[in-house]
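Structural overview
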Amino acid sequence: MQIVRNWYELSKIKPNNKYKLDIDLEMCCGWIRPVKEDENTLGENYFKHHIYLSTHSFYYSQYEATTKLLQEHGFDVKIET
């Protein structure tokens, strides 16, 4: 498991077979996005497959929730400082 301490480190995480991370280092936020888009990842299902990572993702109170979200989408990471 890889320990991730900031947005820069998170931006270096490689995509898995289903999802990739799209990180905005300037705004300190990002998205979990499908590697391949199709009719199942768009439209009504958009927010099931496009997960927003808010600026609060690295706040102490959000470590566990962010880690869980990333792991549920196939990333072997843990958020901490």
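Residues numbered from 1 in each chain as written. Predicted model: local features only at pLDDT ≥ 70, side-chain atom pairs only at ≥ 80, totals over all residues. Heavy atoms only, no water.

What to know about the pattern of salt bridges
Stated precisely, the cut-off is as follows: For salt bridges, the criterion is a side-chain nitrogen of Lys or Arg within 4 Å of an Asp or Glu carboxyl oxygen. Strands are runs of DSSP state E lasting at least 2 residues, helices are runs of H or I lasting at least 4, and numbering of each runs from the N terminus. The classification of residues rests on relative accessible area computed with a 1.4 Å probe and restricted to protein chains. Under 20% of the type maximum is buried, over 50% is exposed, and intermediate values are partly exposed.
Under the defined criterion, the tally for this structure stands at two salt bridges. Its salt-bridge partner being Arg 33, residue Asp 22 comes within 3.0 Å of it at the nearest N-O pair. One end of the pair, Asp 22, is in strand β2 (residues 19-24); the other, Arg 33, is in strand β3 (residues 29-34), and eleven residues separate them in sequence. The exposure class assigned to Asp 22 is partly exposed, which follows from its relative accessible area of 36%. Among the salt bridges present, the one from Glu 80 reaches Lys 78, with a minimum N-O distance of 3.7 Å. The class for Glu 80 is partly exposed, based on a relative accessible area of 24%.

Looking at helix α3 (residues 63-72)
For clarity, the threshold we go by: It is the directions from the helix axis to the C-beta atoms that the arc portrays. Note on contacts: a residue pair qualifies if any of its non-hydrogen atoms lie within 4.5 Å across the two residues.
Of the positions making up α3, those classed as buried are Tyr 63, Thr 66, Thr 67 and Leu 70. The arc enclosing the buried residues of α3, seen along the axis, measures out at 100°, which places them on a common side. In α3, the exposed positions angled more than 90 degrees off the buried face are occupied by Glu 64, Lys 68 and Glu 72. Turning to α3, the residues buried within the fold contact α1 (7-11), β2, β3, β4 (51-53) and β5 (77-79).

Considerations on the side chain of Ser 57
To be explicit about the condition: By the criterion applied in these results, polar contacts are pairs of N or O atoms within 3.5 Å in which, for protein atoms, one can donate a hydrogen and the other can accept it, and in which residues neighboring in sequence qualify only through two side-chain atoms.
Tracing the backbone shows Ser 57 in the loop between β4 and α3. In terms of polar contacts, Ser 57 uses its side chain to reach the backbone carbonyl oxygen of Ser 54, at 2.8 Å. Ignoring any residue separated from it by four or fewer positions in sequence, one finds Ser 57 in contact with Trp 7, Gln 62, Tyr 63, Thr 66 and Ile 79.

Side note on the packing of aromatic side chains
For the record, the criterion: The rule is short: rings of Phe, Tyr and Trp, with Trp giving its six-membered ring, pair when the centres are within 6.5 Å, and they are stacked under 30 degrees, edge-to-face over 60, tilted in between.
For the coordinates displayed, the defined rule picks out six aromatic pairs. A ring pair is formed by Trp 31 and Tyr 52, whose centres lie 5.3 Å apart and whose planes are at 65°; its orientation type is edge-to-face. Here the residue Trp 31 occupies a position in strand β3, and Tyr 52 occupies one in strand β4, the gap between them amounting to 21 residues. An aromatic cluster is present here, built from Trp 31, Tyr 46, Phe 47 and Tyr 52 joined pairwise through their rings.

Remarks on the sheet that holds β4
Sheets are built from strands that pair by backbone hydrogen bonding, the pairs being arranged parallel or antiparallel. What counts here: Pairing between two strands is assigned when DSSP locates at least 2 bridges connecting them. All axes are obtained by fitting lines to C-alpha atoms, using only the stretch in contact for helices, and the reported angles, taken between N-to-C directions, cover 0 to 180 degrees.
If you walk across this open sheet you meet the three strands as β2-β3-β4, and the pairing is antiparallel. The sheet terminates laterally at β2 and β4, the two strands that pair on one side only. Between one strand and the next, the sheet's axes are offset by a mean angle of 20°, whatever the strand orientation. Relative to β4, β3 runs antiparallel, the two being bridged by three bridges. Bridged to Ile 32 within β4 is Ile 51. α3 contacts β2, β3 and β4 of the sheet and is inclined by roughly 145° relative to β4.

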